[in-house]
Amino acid sequence: MTFVMTDIKKIKAGFNSCFIVRYLLEKADNTEQAVLLLMNLPAASNCNILLADKSGNMVVVECTPANKKIREAEIFHGDKIVCTVNSFISDEMKPYDDANGNDYDSHKRYKVVIDIFSSGQIRADYIAATEELLKGNYGFMCQYDNKPDFETVWSSIFDLESLAIYRAEGDPRKKKFVSDNRLCFPFLPK
């Protein structure tokens, strides 16, 4: 999930992005179920919810208190990717973004991801290449050196086939990506 700037006067009663994620993790078994549940949840403020399951079904749902828009995965060279940043990408939802351009270069970050995958430069070792992408080695990503009081909190990569997670807690240029296999082991049955 990512937050998208919301004018304080537009915040409504409902779930914030963190509670949306928690609710969907507890109630849905796959992306299709999560989308159905999410479309009926009241969103308190603007956010993007990235949904993906082991079958490879993946979408981003751009949410506001008034509207939701499903953004399908992008397909490049036969492979699918989803990407979300701290802004809305679909033209339909852009008017709801209240950042007024002060979104820490969200559109620049999104463009770097789309450009690198569409160019075909990332085709083999997706995990290692995505780590390099998040470190900024293909263009601007998380290098907020000139932004006082702002830094990357975490970066994560999800392998839908193995259910492995790779995460860097902090600036991925300075923190190693560590393997997190908690999804590989079943939890209590639903």
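Right above here is the structure, for reference.
So, a few notes on the structure that sits alongside this text. Note that this is a predicted model, so its numbers are computed, not measured.

### Some words on the environment of Ala168
- Tracing the backbone shows Ala168 in strand S8 (residues 164–168).
- Given the relative accessible area of 0%, Ala168 is considered buried.
- Separated by 33 residues in sequence, Ala168 and Lys135 have C-alpha atoms that sit 9.9 Å apart.
- Once residues lying within four places of it in the same chain are set aside, the contact partners of Ala168 are Val153, Trp154, Ser155, Lys175, Lys176 and Phe177.

### Considerations on the pairing of S8
- In this sheet, S8 lies alongside strand S7 (residues 155–159) in antiparallel orientation, the contact comprising five bridges. Residue pairing across strands places Ile157 opposite Tyr166, the latter belonging to S8.

### Concerning helix H1 (residues 17–27)
- Listed in full, the buried residues belonging to H1 are Ser17, Ile20 and Leu24. The buried residues of H1 occupy an angular sector of 55° when the element is viewed end-on, so they sit on one face. Along H1, the residues that are exposed and aim more than 90 degrees away from the buried face are Phe19, Arg22 and Leu25.
- Elements that come into contact with the buried residues of H1 comprise helix H2 (31–39) and strand S2 (47–52).
- The opening residue of H1, the one whose side-chain oxygen lies 3.0 Å from the backbone nitrogen of Cys18, is Asn16.

### Focus on the packing of H1 against H2
- Packing of H1 against H2 leaves a shortest axis separation of 10 Å and a crossing angle of 130°. Classified by the angle between their axes, H1 and H2 sit oblique to one another. When you trace H1 past H2, the crossing you get is right-handed. Note on element contacts: H2 touches H1 through Gln33, Ala34, Leu37 and Leu38, opposite Ile20, Tyr23, Leu24 and Lys27.
- Classifying every residue of the contact of H1 with H2 by side-chain character gives six nonpolar, one polar and one charged.

### Some details on the sheet that holds S8
- Strand order in the open sheet formed by three strands is S7-S8-S9, with antiparallel pairing between adjacent strands. Both outer strands of the open sheet, S7 and strand S9 (178–180), are each paired with one neighbouring strand and no more. Shown here is a sheet whose adjacent strand axes are inclined to one another by a mean of 25°, direction ignored.
- As paired strands, S8 and S9 are joined by three bridges and run antiparallel to one another. Of the residues in S9, the one forming a bridge with Tyr166 is Ser179.
- Packing against the sheet, helix H4 (residues 126–134) makes contact with S7 and S8, and its axis sits at approximately 160° to S7.

Rules behind the numbers
- Residues numbered from 1 in each chain as written.
- Predicted model: local features only at pLDDT ≥ 70, side-chain atom pairs only at ≥ 80, totals over all residues.
- Heavy atoms only, no water.
- Helix = DSSP H or I, 4+ residues; strand = E, 2+ residues; numbered from the N terminus.
- Buried < 20%, exposed > 50% of the residue type's maximum accessible area, 1.4 Å probe, protein only.
- Contact = heavy atoms within 4.5 Å.
- Pairing = 2+ DSSP bridges.
- Arc of directions from axis to C-beta.
- Polar contact = N/O pair within 3.5 Å; in protein donor to acceptor, adjacent residues only side chain to side chain.
- Axes fitted to C-alpha atoms, helices over the stretch in contact; angles between N-to-C directions.
- Parallel < 35°, antiparallel > 145°, perpendicular 65-115°, else oblique.
- Left-handed = near helix turned anticlockwise from the far one by under 90°.
- Nonpolar A, V, L, I, M, F, W, Y, C, P; charged D, E, K, R; others polar.

Functional significance is not addressed by these values, which are geometric in nature.
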